[in-house]
Amino acid sequence: MMQAMIFAAGLGTRLKPLTDTMPKALVRVGGEPLIKRVILNLAAAGVERIVVNVHHFAEQIIDYLKDNDNFGLDIRISDETAGLLETGGGIKKAAPLFDPTAPILIHNVDILSNVNLSEFYRIASRSEGSEEGSEEGRVKSEESDGGDAVDAVDAVLLVSWRKTKRYLLFNDDMRLVGWTNIETGEVRSPYPELNPKECRMYAFAGIHALSPRLLKMMDEFPDRFGIIDFYLKACATHNIKGYVKDDLKLMDIGKLDTLAQAEEFLEELRVSN
């Protein structure tokens, strides 16, 4: 079974005044609410169960899903109305709602992209074999000390090259080893001697998938924490991979000016597909 989580709990402050009366998830792009577009994309990829976290105008999202019969899917609500838990805390709270045997695809509600989600999920599901990622991504499996088996993939992060201040750091096998802020020079890594200049640097794109094996490790974290903080600790003992999509087309519908560009972006995606 394929399963996913949609982050829909945010306040959407950059989309004010629209989000003064509705959640960001219900803001319309190309005539359809953002959450509908994400749900339909996930369903087309084969996802059967979706967990949606809610906080800001939570009842509006819950009612919208009910009015649409959950789009024929097993959709479950993770209620964060008592307080936002950030990305990592949101996954931790939602953990009991997931099937404990299948990877979890995480997707922000305000992202539109040309990512092949079924292919992305397939890579996250891989636990054995030396097969490498498809032409849409480069995710290498690493040989274990024995030379025959390969490490299970514990999480896959969609990344791309774009100009920013903050980058995730990967080794030559695209395994996560740290994070850096190139403006301040700050480096965060479980490897004290890590030199960012010797690493591959990519920006996180807000879509990732993780094995349920990692959920137990979240018990060590507080109720509220960011998922990148979690991955930076987990990468010392687990195989956290980067997935590079060179022809990535992605839009974060986070500001009012991006709404004006979204219809053109959707048409671009339709033509390219």
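Residues numbered from 1 in each chain as written. Predicted model: local features only at pLDDT ≥ 70, side-chain atom pairs only at ≥ 80, totals over all residues. Heavy atoms only, no water.

A. Region of interest: the overall build of the chain. Broken down by element type, the chain carries six helices and 14 strands. Evaluated residue by residue, the chain yields a buried proportion of 50% over its 273 residues. Partitioning the intrachain contacts of the chain with sequence separation of at least 6 by distance along the chain shows that 71% fall at a separation of at least 24. About 12900 Å² of surface is accessible on the chain, with carbon and sulfur atoms providing 47% of the total. (Helix = DSSP H or I, 4+ residues; strand = E, 2+ residues; numbered from the N terminus. Buried < 20%, exposed > 50% of the residue type's maximum accessible area, 1.4 Å probe, protein only. Contact = heavy atoms within 4.5 Å. Areas by Shrake-Rupley, 256 points an atom, 1.4 Å probe, with all protein chains shown as cover.)

B. Spatial organisation of helix α1 (residues 34–44). Buried residues of α1: Leu34, Ile35, Val38, Ile39 and Leu42, and no others. All buried residues of α1 project into a common sector of 125° when viewed along the axis, lining one side. Gly46, located one to two residues past α1, shows a positive phi value of around 105°. (Arc of directions from axis to C-beta.)

C. Inspection of the side chain of Glu80 at higher detail. With respect to the secondary-structure elements, Glu80 resides in the loop between β5 (74–79) and α3 (86–94). Within the buried core, Glu80 has no salt-bridge partner, and the shortest N-O distance to an opposite charge, that of Lys93, equals 7.4 Å. One polar contact links Glu80 to Asn53, side chain to side chain, over a distance of 3.0 Å. Within the local environment of Glu80, its side chain forms a polar contact with the backbone nitrogen of Leu85, the two atoms lying 3.2 Å apart. Apart from the residues within four sequence positions on either side, Glu80 is in contact with Ala9, Asn53, Val54, His55, Leu85, Gly90 and Lys93. (Lys, Arg positive; Asp, Glu negative; His and termini not counted. Salt bridge = Lys/Arg side-chain N within 4 Å of Asp/Glu carboxyl O. Polar contact = N/O pair within 3.5 Å; in protein donor to acceptor, adjacent residues only side chain to side chain.)

D. Here's a closer look at the side chain of Arg175. Within the element layout of this structure, Arg175 appears in the loop between β9 (166–170) and β10 (176–181). Look at Arg175 and you get buried, because its relative accessible area is 16%. A polar atom in the side chain of Arg175 sits 3.2 Å from the backbone oxygen of His238.

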